[in-house]
Amino acid sequence: MPSPLQPFLHHARAAAAAGALAVRAAIRSRVVAALLVLLAAVTLGLPRLIAGDGTPASDLQIRLRYTLGAAVAVLGLATLWAGCAAFGAEIDSRRFELTAVKPARRVTLWAGRWLGLVLLDAVLLAAVAAGACLQLRNVPAGLLLSRDVAAPELPAPEEEARRRYEELRRTGGLPADESAPAALRRLAQETRNQGVAIPPGSRVGWTFHLDRPLAAGGELWLRMRLDTVAETLADVRGVCRVQRADGGSGTAEAPVNDLARNLIEQRLAAPALAGARRVRVEFDYQAPPQAPALLVQPYRAVALLAPHGAFAGNLARALLAHLALLAALCALGLTLGACFSFPVAAFAATALLAVMLASADAPEPGEAALPDATGWRRHAERVSLVLVRGVNAALRPLLGPSPLANVAAGERVPAEALRREILWGAGVCPLTLSLAAAAALRRRELARP
Amino acid sequence: MIETRGLRKVFRDFWRRPRVEAVAGVGLEVRAGEVFGLLGPNGSGKSTTIKLLLGLLHPTAGTIRVLGRPPAHTASRRRTGYLPEVSCLHPFLTPRETLHYYGRLFGLDAATCRERARALLAMTDLEAAADRPVGEFSKGMARRVGLAQALVNNPDLLILDEPTSGLDPVACREVKDLLRLLAGAGKTILLTSHLLADVEDVCDRIAILHAGRVQAEGRVADLLRRPEAVRFLVEGLDAAAAEALRRELEARTGRPVDLDHPAMNLESYFLHVVARAGGRAAAAFRPADFLLARGPDASG
């Protein structure tokens with residue numbers, strides 16, 4: 001009597017065979033060998049080409065953010081093209097005919113190949129990371145940090161925007177041709193950008209809520225970027241002070257001596273603060289009365305960093321997020337290869353990747369982006385706006401700030417960003433694209449003369 | 001096993017305009033256990049018909065049933081073996097890996113795949129080359145690997161597109177012997193060829209395609225029989241006696257009578273010469289190994 005697990009076993013065996021074939025094809029066609037040489041050249045050669053400022057911190061930035069980032073970019077491109085070739089080239093060369101007449105489902109073949117290529121990516125990524133880590137031996141341990149980033153307790157920009165919107169609406173201060181959503185978006189943006197002036201001799205302070213109790217040692221870092229009203233260089237001299245804000249005792253203070261417009265990261269250590277969940281940090285601006293006032297953007301340029309976890313673990317989290325991105329690129333390549341011939345798929349994939357990278361930093365077009373067109377032109381503009389917003393919405397989860405930038409800055413990769421990357425890169429994208437590929441392969445004539 | 005009705009296939013260009021009608025209303029029936037041959041010149045629609053039967057192309061019109069189901073149904077694919085006209089194998093895989101890969105696509109477990117691969121490699125005389133990449137093989141050797149993969153699931157129905165294409169005469173004979181053996185074991189075989197001798201040697205029934213249409217169909221013996229003529233075959237008759245007999249027959253029938261000496265066909269003569277010269281034994285394919293050592297079939 002056949003086992004009820006038999007159909008599942010058939011699918012699993014077919015998927016494993018498809019995955020093994022994809023890996024063998026990559027290894028035996030010397031793609032992996034060429035890729036390893038290229039990755040080694042990037043990992044070992046790039047740090048020698050990029051000139052830093054000579055400090056261990058800049059060395060760390062170069063080795064992690066630029067070198068590893070470039071290696072991930074190379075892997076991403078290779079993964080995309082390998083994905084295109086896995087179906088596209090096989091169909092073009094008619095090798096897929098023999099596979100297509102076997103009783104394996106198209107989605108199973110797709111999933112097997114995807115898993116095989118992602119596994120290969122994981123191995124290559126681990127090799128590159130191991131190479132980069134070997135080069136970090138000379139970096140002082142004090143720089144290899146993993147810290148949670150806490151923002152100051154401020155009203156949410158959207159709430160603040162709503163409050164200001166109601167106020168402006170009562171006083172008639174809103175532009176007549178601006179819709180409510182556009183006005184709310186504008187006001188929220190203004191809130192995020194708003195600055196607070198710090199005159200000489202004054203004090204400014206913020207309260208922070210930490211995600212977890214402060215570790216033993218009470219070590220904290222206040223990160224801020226100060227500017228002058230005239231955007232000129234100026235001395236930033238003063239004292240940074242931290243104290244519990246949840247009722248306990250314990251304070252610490254440290255002198256600040258830096259320049260405006262620099263990213264200041266001031267370490268504060270107070271063992272008495274261990275276990276605190278809320279802390280208040282203040283900065284006394286100690287300058288003569290004739291010195292320029294400083295300007296700070298609390299929403300953008302102030303943060304408190306608290307230790308959480310080890311550097312190696314944080315690097316692993318960043319690599320996991322990048323692996324999820326590679327998994328999404330692999331899925332995209334496989335699906336394009338299932339829909340088009342290899343040259344068309346490779347071109348479309350590369351063009352899409354270029355659009356993704358170009359749109360990563362582009363702001364989402366707002367209502368104001370619509371020109372004063374009328375009639376069918378206005379409708380066409382609206383359709384293109386909806387399309388651009390749709391593409392942005394689909395790609396944005398995969399195009400957040402680089403997790404390697406977090407690691408290089410000693411910031412723990414946020415759990416929410418990691419979850420989002422994995423959910424989109426290894427979940428939503430492959431699932432959607434696999435179904436599209438299976439439908440295309442069912443519909444496509446695989447043996448046209 | 002296979003039934004088509006009013007099967008049509010029109011290939012269209014990029015703008016969906018009809019370009020060529022490759023199959024124009026083909027109706028076929030292949031019964032269980034028979035060897036059926038599709039004959040026709042190049043471009044007659046043989047390969048297109050086969051690809052329609054396998055679900056690799058979609059028909060413009062008509063119906064297809066393979067093993068009682070639509071051609072793309074996994075249940076019918078599970079019981080079908082296919083050898084394409086050109087053995088498009090993965091060049092970086094060895095024959096053993098190739099058989100293992102296709103066996104796994106049928107859902108066979110690793111032990112069964114290994115056993116099948118061993119038996120099929122022995123059957124196709126590829127044991128010595130079992131661990132060399134297929135990309136290094138000659139066309140004939142690649143064809144053998146293709147044939148082996150078509151049998152990896154121990155299929156009930158074998159669809160072979162030009163099975164002897166690229167093979168030397170000895171290998172051709174071996175393939176034909178194998179097909180007869182498979183037919184004897186109850187397999188249904190549909191093959192295409194434009195080599196008439198191949199089809200004549202192994203097929204029970206044939207259909208002749210031309211311009212996408214079936215021009216003739218039936219049992220080979222029925223189609224080739226000439227009931228209006230009679231042939232005598234006598235050994236040891238001298239020339240004078242033969243001439244006397246010929247005159248007697250002409251006198252009785254009132255029609256001219258031909259007298260000749262029967263000849264071997266070139267294939268038989270070639271095989272005889274090769275065997276006499278001590279070349280590859282006529283039975284390098286050892287189908288009995290595979291047929292006797294069958295494991296469980298793909299359906300589990």
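Just so it is clear, the structure is predicted and the values come from calculations on it, not from any experiment. (Residues numbered from 1 in each chain as written. Chains lettered and ligands numbered in written order. Predicted model: local features only at pLDDT ≥ 70, side-chain atom pairs only at ≥ 80, totals over all residues. Heavy atoms only, no water.)

Digging into the sheet that holds strand 3 (residues 203-209) of chain A
All names here are of chain A.
- Pairing is antiparallel in the open sheet, where four strands are placed in the order 3-9-6-7. Each having just a single partner strand, strand 3 and strand 7 (251-259) make up the two edges of the open sheet. Between one strand and the next, the sheet's axes are offset by a mean angle of 20°, whatever the strand orientation.
- In the sheet, strand 6 (residues 235-244) pairs with strand 7 via nine bridges, with the strands oriented antiparallel. In the sheet register, Gly 238 faces strand 7, and the bridge partner there is Val 256. (Pairing = 2+ DSSP bridges. Helix = DSSP H or I, 4+ residues; strand = E, 2+ residues; numbered from the N terminus. Axes fitted to C-alpha atoms, helices over the stretch in contact; angles between N-to-C directions.)

Describing helix 1 (residues 46-53) of chain B
- For helix 1 of chain B, the buried fraction is high: eight of the eight residues fall into the buried class.
- Where helix 1 of chain B terminates, the next one or two residues include Gly 55 of chain B, which has phi positive at roughly 80°. (Buried < 20%, exposed > 50% of the residue type's maximum accessible area, 1.4 Å probe, protein only.)

Some words on the domain arrangement of chain A
Residue and element names in this part refer to chain A.
- When its domains are assigned, chain A resolves into domain 1 (6-146 + 311-369 + 401-446) and domain 2 (195-307).
- Here the C-alpha centroids of domain 1 and domain 2 sit 40 Å apart.
- The interface is formed by four residues belonging to domain 1 together with five residues belonging to domain 2.
- Of the roughly 290 Å² buried at the junction of domain 1 and domain 2 (both faces included), carbon and sulfur atoms supply 47%.
- Looking only at domain 1, the three residues that lose the most surface to domain 2 are Leu 145, Ser 146 and Glu 411, adding up to 79% of its buried area.
- The interface formed by domain 1 and domain 2 includes one salt bridge.
- Along the contact surface separating domain 1 from domain 2 lie two residue pairs in polar contact (both at pLDDT 80 or more).
- Here the residues of the side of domain 1 that touches domain 2 sort into two nonpolar, one polar and one charged. (Domains from an automatic or database assignment. Contact = heavy atoms within 4.5 Å. Buried area = accessible area lost by both parts, 1.4 Å probe. Salt bridge = Lys/Arg side-chain N within 4 Å of Asp/Glu carboxyl O. Polar contact = N/O pair within 3.5 Å; in protein donor to acceptor, adjacent residues only side chain to side chain. Nonpolar A, V, L, I, M, F, W, Y, C, P; charged D, E, K, R; others polar.)

Considering the side chain of Lys 51 of chain B
- Take Lys 51 of chain B: it is sitting in helix 1.
- Glu 97 of chain A provides the closest opposite charge to the buried, salt-bridge-free Lys 51 of chain B, at an N-O distance of 4.3 Å.
- Apart from residues no more than four positions distant in its own chain, Lys 51 of chain B is found in contact with Arg 94, Glu 97 and Ala 447 of chain A together with Leu 56, Leu 57 and Tyr 82 of chain B. (Lys, Arg positive; Asp, Glu negative; His and termini not counted.)

Considerations on the interface of chain A and chain B
- Contacts between the two partners involve 33 residues from chain A and, on the opposite side, 31 residues from chain B.
- Surface buried jointly by chain A and chain B totals about 3,100 Å² across both partners, of which 61% is contributed by carbon and sulfur atoms.
- Where chain A meets chain B, there are three salt bridges.
- A salt bridge links Glu 445 of chain A to Lys 9 of chain B, with the nearest nitrogen and oxygen atoms 2.5 Å apart.
- Contributing elements (two or more residues each) for the side of chain A that touches chain B: helix 1 (6-28), helix 4 (96-100), helix 5 (106-134) and helix 13 (415-443) of chain A.
- When residues of the side of chain A that touches chain B are assigned to their parent elements, the largest contribution, ten residues, is made by helix 1 of chain A.
- Among the residues forming the side of chain A that touches chain B, the class breakdown is 14 nonpolar, four polar and 15 charged.

Remarks on a nonpolar patch on the surface
Residue and element names in this part refer to chain B.
- Residues Val 230, Phe 232, Val 234, Leu 237 and Leu 245 make up a contiguous nonpolar surface patch of roughly 530 Å² in combined accessible area.
- Checked against the element boundaries, Val 230 lands in the loop between helix 8 (220-224) and helix 9 (239-253).
- By relative accessible area, which is 69% here, Val 230 ends up exposed. (Patch = residues over 30% accessible without salt bridge, like charges linked within 9 Å, V, L, I, M, F, W, Y side chains within 5 Å. Areas by Shrake-Rupley, 256 points an atom, 1.4 Å probe, with all protein chains shown as cover.)

Structural notes on the sheet that holds strand 6 (residues 157-161) of chain B
Residue and element names in this part refer to chain B.
- Ordered in space as 5-6-7-3-8-9, the six strands form an open sheet in which the pairing is mixed. In this open sheet, the two strands that pair with only one neighbour each are strand 5 (80-83) and strand 9 (213-219). Adjacent strand axes in the sheet meet at a mean angle of 15° when their direction is disregarded.
- Where helix 6 (residues 169-184) meets the sheet, its contacts fall on strand 3 (35-39), strand 6 and strand 7 (188-193), and the angle it forms with strand 7 comes to roughly 150°.

Some points on helix 6 (residues 157-171) of chain A
Residue and element names in this part refer to chain A.
- The end-to-end C-alpha distance of helix 6, which contains 15 residues, comes to 21 Å, matching closely the 21 Å that a straight helix rising 1.5 Å per residue would cover.
- Along helix 6, the positions that sit buried rather than exposed are Pro 157, Glu 160, Ala 161 and Tyr 165. One side of helix 6 carries all its buried residues, which in axial view fall inside an arc of 135°. Across from the buried face of helix 6, at angles greater than 90 degrees, the exposed residues are Glu 159 and Arg 170. (Expected span 1.5 Å × (residues − 1). Arc of directions from axis to C-beta.)

A closer look at the side chain of Arg 13 of chain A
- By the element assignment, Arg 13 of chain A lies in helix 1.
- Comment: no salt bridge for buried Arg 13 of chain A; closest opposite-charge side chain is Asp 109 of chain B, at 4.6 Å.
- Residue contacts for Arg 13 of chain A: discarding those within four places in its chain leaves Arg 104, Gly 107, Leu 108 and Asp 109 of chain B.

Considering unusual backbone geometry
Residues and elements named next belong to chain B.
- With a phi angle near 50°, Glu 162 is a residue other than glycine that sits in the positive phi range.
- Along the chain, Glu 162 falls in the loop between strand 6 and helix 6.
- Of note in this structure, Ala 211 is not a glycine but carries a positive phi near 55°.
- Relative to the elements of secondary structure, Ala 211 occurs in the loop between strand 8 (205-210) and strand 9.
- Under the relative-accessibility criterion, Ala 211 is labelled partly exposed at 44%.

Remarks on the environment of Leu 271 of chain B
All names here are of chain B.
- With respect to the helices and strands, the residue Leu 271 is situated in helix 10 (residues 266-276).
- Judged by its relative accessible area of 18%, Leu 271 is buried.
- The spatial distance from the C-alpha of Leu 271 to the C-alpha of Glu 3 is 37 Å, given a sequence separation of 268 residues.
- Ignoring any residue separated from it by four or fewer positions in sequence, one finds Leu 271 in contact with Pro 169, Val 170 and Arg 173.

Focus on the pairing of strand 9 (residues 278-285) of chain A
All names here are of chain A.
- Counted residue by residue, strand 9 has six buried out of eight residues, so it is predominantly covered.
- Direction of pairing for strand 3 relative to strand 9: antiparallel, over a ladder of seven bridges. Bridge pairing in strand 9 links Gly 205 to Glu 282.
- With seven bridges joining them, strand 6 and strand 9 adopt antiparallel strand pairing. Bridge pairing in strand 9 links Arg 241 to Glu 282.

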